[in-house]
Amino acid sequence: MILLVIGLILLGVFAVRFHRDRRRLGHGVYLLLGGTFTGAWVIGSGAERDLPVVLARLLVLLSPVLVLVLAGLLMANSVQMVRQEGLRVSNLLPFGLGVVLVVPFIVLATAILTQDRWLVVALASLTMAVGYIGFLFAAFLLYSLCYGWLPYRSGMDAIVVHGSGLVDGGVPPLLAARLDRAIEVFRAEVAAGRTPLLVASGGRGSDEMDSEASAMAGYLVDHGVPADRVLREDRSTTTEENLSFTRQLLGERGPTARMVLVTSNFHILRTAILARRLNLDAEVTGAKTAFYYLPSAFLREFAAIVVAYKWMNVVTAIALVSLPPLALVATRGLPTH
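Residues numbered from 1 in each chain as written. Predicted model: local features only at pLDDT ≥ 70, side-chain atom pairs only at ≥ 80, totals over all residues. Heavy atoms only, no water.

(A) Summary view of the overall build of the protein. Assigned secondary structure in the protein consists of 11 helices and five strands. Nonlocal contacts in the protein, meaning residues at least 24 apart in sequence, comprise 70% of its contacts between residues at least 6 apart. (Helix = DSSP H or I, 4+ residues; strand = E, 2+ residues; numbered from the N terminus. Contact = heavy atoms within 4.5 Å.)

(B) Examining the packing of aromatic side chains more closely. What the rule picks out here adds up to eight aromatic pairs. Linked through ring pairs, F14, F18, Y143 and Y147 together constitute an aromatic cluster. (Phe/Tyr/Trp six-rings, centres within 6.5 Å; stacked < 30°, edge-to-face > 60°.)

(C) A look at the pairing of strand β1 (residues 158-162). Of all five residues that make up β1, five are buried, and the element is covered over most of its length. The alternating pattern of β1 places A158, V160 and H162 on one face and I159 and V161 on the opposite face, and all of these are buried. As judged from the five bridges shared by β1 and strand β2 (residues 197-201), these two strands associate in the parallel manner. Paired with V161 across the strands is A200, a residue of β2. Note that the unit made of β1, helix α6 (residues 173-191) and β2 has a crossover that is right-handed. Direction of pairing for β1 relative to strand β4 (residues 259-264): parallel, over a ladder of four bridges. Each residue of the ladder has a partner; that of V161, found in β4, is V262. (Buried < 20%, exposed > 50% of the residue type's maximum accessible area, 1.4 Å probe, protein only. Pairing = 2+ DSSP bridges. Right-handed = clockwise from strand over helix to strand, strands pointing away.)

(D) Representation of unusual backbone geometry within the structure. Phi is positive for N279, which is not a glycine, with a value near 60°. For N279, the location among the structural elements is in the loop between α9 (268-277) and β5 (282-287).

Here's what the structure looks like:
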């Protein structure tokens, strides 16, 4: 019963926070913890009393296999990304994570073979760090998916499309998907009797002849959006600049109450968090992305979130990593008689 109470409290906190503002990363933590505690109570309250024990044993036996399988899949995805898009640091992220997942098993095997107590401690510290990052990633991924399933609230004054880079001066598939999604939203608003502005947001790269906003605006007009409803924000190079410059651009045309930000489905949560930090009255909707691209893309988004909250994560990780060696020192200092 205690598990159920804790789970319901955590889910209640999630519900209250979500109702106030759904653009917060912490929602994922409460949702994951609440679901975990509630799920554990449901399993433990089943008719088969030995079921939790059986599941625990299966988890102990299968978890190493599942982790190794996950590591292999991440490495394979990285190889596929390199083949599809070339050798880039971002495309190597899944491979690096796969290596990180394998390292604890290597340390464990070495500790067993050498029977070195400090290697066991090192494994425990490494497990604590990996576990913390893994928990954060699970919370981030869970809430990213949940947020992506939520419909945006209609009644928008502006629809803002975030750029993602041009290829040979043209609109690549990833950016085209965002623009197509923005056109869907625009047509839905027009059908409801509204005529929002549509903002193409993206500056000019060092290797580009024209700004991304101009190419995006051309795509929108070619696909039926009236030219007088399309604005160009052509100075930004990052998502935060997209939002800041767009606010300035729309502010020059008068007060704008609400906007919907259109980006790729893997990018929606970080975009929503940035919009909240900039105090924008904005919702986010996502365009579909090729499946092979998602693992690397979600990892990049998660890395950016970790960096954005770096000091909190650094302090927490240091505290967790320090626990096993401190415990060993304390144990060795106790009298044995």
